[in-house]
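# Coordinates in review
Listed below are the residues making up each chain.
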Amino acid sequence: MRTRATLAAVSALTGALALSTLAAPAAQAADSGTPYTLDVSFSNFKIATAIKVGTTNVVSTKVTYTLTHGADVDITSDDFYTDPFLYRGTFGGDSTPELYGDDFATCTATSSTTATCTGTIDIHPADGDLLNSQAGTWKAAAEATDFNGQDPSSSSLDLSKVGYKDQGDLGSTLVQRYSKLTANAGPEPVYKGRTITTTGKLSRANWEDHQYHGYTGQPVKLQFRKAGTSTYTTVKTVYSDSYGNLKATATAQYDGYWRFSFAGTTTTPAVSATGDYVDVR
């Protein structure tokens, strides 16, 4: 997980700046040697309602937001940077988990003091970006840095001339552990009036060992779709066992497809198994 101190986004890009002091008001900058508060604000933050993250593949999610800035802030300069990020917990806390994009956002001016910015949140589960306990609601934020013509890699960088601003609580999204669900119905073929048994497994991504493990104690619906139709009907609800396994029985009446369907939770997305066809004679 990419961690953030003041200007960490820019230091990641240049590899030459490591700042830990939060932005201070401009009046204090000359004395404290810290960045002044940049005259920008953020609004209209838009992101997917949920981000499903597995065990290995990088997940990239588009983000857009409005940046409003003072007339003295040149967002087109080469040393102006802005990007969105997500955080879980207290905004700005020393141990608050945060998620960023691999690149900075790009902004298109919509007036002399506003711009629409587009960026991404890029999650690398194989690199340890997430812990299982961090699944659920994450809040949205954005930040901007202006070096005002200074070289960020210079040892003589004057921090009092660097502007910085971040803003939290711009929105929220769910970061969820990707789920899988299987279903196998039989016997096949089966005589009408006999019992059909459907077995399967509900599992989800473990972000710490990068495997899929059973999701236990969850309500899962057994559903049936008659051959020649397009709609599944719920037959009953069963619960996954201590390994995530599922088993449900029903009476054979018609040719058709049997599946399990899981409604999801805040930490784990909804998923339905592929229907398994059974021929009834």
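Use the structure listed above.
Only a predicted model underlies this, so the values are computations on that prediction, with no experimental measurement involved. (Residues numbered from 1 in each chain as written. Predicted model: local features only at pLDDT ≥ 70, side-chain atom pairs only at ≥ 80, totals over all residues. Heavy atoms only, no water.)

This part covers the state of the cysteines. Note on terminology: a disulfide is the covalent bond linking the sulfur atoms of two cysteines. Considering all chains together, one arrives at one disulfide under this definition. Across the disulfide, C107 is cross-linked to C117 (sulfur-sulfur distance 2.1 Å). When the S-S torsion is 105°, as for the bridge of C107 with C117, the disulfide is right-handed. Highlighted residues: C107 in strand β7 (residues 106-109) and C117 in strand β8 (residues 114-123), separated in sequence by ten residues. Under the relative-accessibility criterion, C117 is labelled buried at 0%. (Disulfide = S-S within 2.5 Å. Helix = DSSP H or I, 4+ residues; strand = E, 2+ residues; numbered from the N terminus. Buried < 20%, exposed > 50% of the residue type's maximum accessible area, 1.4 Å probe, protein only.)

Turning next to the pairing of strand β4 (residues 59-69). Of the pairings in the sheet, the one linking strand β2 (residues 40-46) to β4 comprises five bridges and is antiparallel in character. When the sheet's bridge partners are listed, K46 is paired in β4 with T64. Pairing of β4 with β8, which is carried by ten bridges, proceeds in the antiparallel orientation. Across the sheet, residue T61 finds its bridge partner in β8, namely I121. (Pairing = 2+ DSSP bridges.)

As a further point, take the packing of aromatic side chains. Per the counting criterion, the structure on display carries ten aromatic pairs. Taking the centre distance of 4.9 Å and the plane angle of 40° together, the rings of Y81 and F104 count as tilted. With Y81 in strand β5 (residues 80-87) and F104 in the loop between β6 (98-99) and β7, the pair connects residues that are 23 residues apart, well separated along the chain. With relative accessibility at 21%, the residue F104 sits in the partly exposed group. Here the aromatic rings of Y81 and F147 are separated by 6.2 Å at their centres, their planes lie at 80°, and the arrangement is edge-to-face. Note that Y81 is positioned in strand β5 and F147 in the loop between β9 (136-146) and β10 (163-167), a separation of 66 residues in sequence. There is no split in this pair, since Y81 and F147 are both buried. (Phe/Tyr/Trp six-rings, centres within 6.5 Å; stacked < 30°, edge-to-face > 60°.)

With that settled, consider the side chain of Q218. When you line up the elements, Q218 lands in the loop between β15 (211-214) and β16 (219-226). Relative accessible area serves as the criterion here: at 14%, Q218 is assigned to the buried category. Polar contacts involving the side chain of Q218 include one to the main-chain carbonyl oxygen of T216, which spans 3.1 Å. When near neighbours in sequence (up to four residues on either side) are disregarded, Q218 contacts L202, V238, Y239, S240, F262 and T265. (Polar contact = N/O pair within 3.5 Å; in protein donor to acceptor, adjacent residues only side chain to side chain. Contact = heavy atoms within 4.5 Å.)

Moving on to the sheet that holds β4. Reading across from one edge, β2-β4-β8-β7 is the order of the four strands in this open sheet, with antiparallel pairing throughout. Where the open sheet ends on each side, the last strands, each with one partner, are β2 and β7. For this sheet, the mean angle separating the axes of adjacent strands, direction not counted, is 30°. Sheet analysis places β7 next to β8, joined by four bridges and oriented antiparallel. Pairing of T106 across the sheet is with T118, part of β8. (Axes fitted to C-alpha atoms, helices over the stretch in contact; angles between N-to-C directions.)

Counting 32 residues, the largest nonpolar core has F42, V53, Y65, L86, I123, L130 and V175 as its most contacted members. Apart from the residues lying within four places of it in its own chain, the contact partners of L86 are I47, I51, P97, E98, L99, I121, W138, K139, A140, T173 and V175. With 22 residues, the next largest nonpolar core counts L222, A250, W258 and V271 among its residues. (Core = buried A, V, L, I, M, F, W, Y, C linked by side-chain atoms within 4.5 Å.)

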